[in-house]
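Here is how the chains run, residue by residue.
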Amino acid sequence: MEELYWKKEGRIASIIINRSHKKNAFNLHMFQKFSVLLDEIENDDEVKVLVLCGADESAFSAGADISEFLQNRTSAEKAKQYNNIALETVEKLYHFPKPTIAAIRGLAIGGGLELALSCDFRFASQESLLGITAAKLAIIYNLASTKRLIDAVGTSIAKDMLYTGKLVKAPEGKEIGLVHHILPKDELLTTAYDYAKELSEKSSLALNGTKKVIHAVLNGAIEEDEKIEQLILASFESEDYQEGIQAFLEKRKPNFK
């Protein structure tokens, strides 16, 4: 079985991280492969929602494979090449146009937590541990992922996590905003996929458009520019809009494409 692959069930796609012997740590090839998988899923018109999870309960992902660092990150130049590939993948997930859910079992550390923070929603099992341990390796974390951590938990808690490199238990993670839902280990995937199914029954046009508007707000927009305005107005001319109105009038559940 491949270390990273995706599958589709109905309107839901799943990217599975399958490197259990390394706690699902990413090597450079996996970052590159992840980017390719995202392109494939984005181009599949049947898919409305993406779920990201580990193949088993041992880990969501322990981050980048440190055993590669002595080969791929031995100088600033090599580190830049490595970082560019890894960060391009993380950013592609963050900007992925369809709703995304991280289903976290076990460890979500470093790059693993970066991937989870790039998802719209984070479901975690009660036993999960989350953190960014860059300080223990004398690494300064990248700005984009640091900002997303701050957006999730606030400046003081982000500083505490980054300065100490400590791991946060899932219940505390829920309290500070790092995760959205905590569940028993044996209920996690079922609940995450139930939520994904609920989203998949909504209009893709509305889901994806709303995500663009939210990202614009997060990027500092306080007024609608022409692009956002056209995005909103176009929704009133869509087939999904007509179906939504008709379903409401007929008192039935809409059947969006």
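Residues numbered from 1 in each chain as written. Predicted model: local features only at pLDDT ≥ 70, side-chain atom pairs only at ≥ 80, totals over all residues. Heavy atoms only, no water.

### Some words on the sheet that holds strand β1 (residues 4-9)
To be explicit about the condition: Think of it this way: DSSP has to see at least two bridges between two strands before they count as a pair. Each helix is a run of H or I in the DSSP string that is no shorter than four residues. Each strand is a run of E no shorter than two, and both are numbered from the N terminus. Lines are fitted to the C-alpha atoms to define the axes, a helix being fitted only along its stretch in contact, and any angle between axes, read from their N-to-C directions, falls within 0 to 180 degrees.
As summarised here, the arrangement of the 6 strands in space is β1-β2-β3-β5-β7-β10, forming an open sheet in which the pairing is mixed. Both outer strands of the open sheet, β1 and β10 (181-183), are each paired with one neighbouring strand and no more. Recorded for the sheet is a direction-independent mean angle of 20° between the axes of neighbouring strands.

### What to know about the side chain of S118
Under the convention used in this document: We call a residue buried when its accessible area falls under 20% of the maximum for its residue type, exposed when it is over 50%, and partly exposed in between, using a 1.4 Å probe and counting protein chains only. Any two residues whose heavy atoms approach within 4.5 Å at even a single point are treated as in contact.
By the secondary structure assignment, S118 is in the loop between α4 (111-117) and β7 (121-125). On the basis of relative accessibility, which here comes to 1%, the residue S118 falls in the buried class. Contact partners of S118, with chain neighbours within four places excluded, come to V90, L93, Y94, T100 and R148.

### Description of the sheet that holds strand β4 (residues 59-61)
Read from one edge to the other, the open sheet built from 4 strands follows the order β4-β6-β8-β9, with strand pairing classed as mixed. Looking at strand neighbours, the two that pair on one side only are β4 and β9 (168-169), the edges of this open sheet. Taken together, the 2 bridges between β4 and strand β6 (residues 107-109) define a ladder with parallel strand orientation. Bridge assignment links S61 to a residue of β6, and that residue is A108.

### Focus: the pairing of β1
Sheet analysis places β1 next to strand β2 (residues 12-17), joined by 6 bridges and oriented antiparallel. Paired with E9 across the two strands is I12, which belongs to β2. The turn linking β1 back onto β2 is made up of 2 residues, and G10 within it adopts a positive phi angle of 65°.

### Observations regarding the pairing of strand β5 (residues 100-104)
The buried count for β5 comes to 5 of 5 residues, which makes it a mostly enclosed element. Residues T100, A102 and I104 line one face of β5 and the alternating positions I101 and A103 line the opposite face, and both faces are buried. Bridge count for strand β3 (residues 49-54) against β5 is 4 bridges, and the pairing is parallel. From the neighbouring strand, L52 faces β5, where its bridge partner is A102. In this sheet, β7 lies alongside β5 in parallel orientation, the contact comprising 4 bridges. The residue bridging A102 from the neighbouring strand is R122, located in β7.

### Comments concerning the pattern of salt bridges
The cut-off we apply is this: Here, a salt bridge means any side-chain nitrogen of Lys or Arg that lies within 4 Å of a carboxyl oxygen of Asp or Glu.
Counted by the stated rule, this structure contains 17 salt bridges. We note a salt bridge from R148 to E91, for which the minimum N-O separation is 2.3 Å. Taken together, the residues span a long stretch of sequence, with R148 in helix α5 (residues 143-153) and E91 in helix α3 (residues 76-94) at a distance of 57 residues. A relative accessible area of 24% places E91 in the partly exposed class. Of the charged contacts, one joins E243 and R252 as a salt bridge, the two residues approaching to 2.7 Å between their closest N and O atoms. Classification of E243 by relative accessible area gives buried; the value is 18%. Taken together, the shared-partner salt bridges connect E3, R19, K22 and D65 into one network.

Function-wise, these values are silent; they only describe arrangement.
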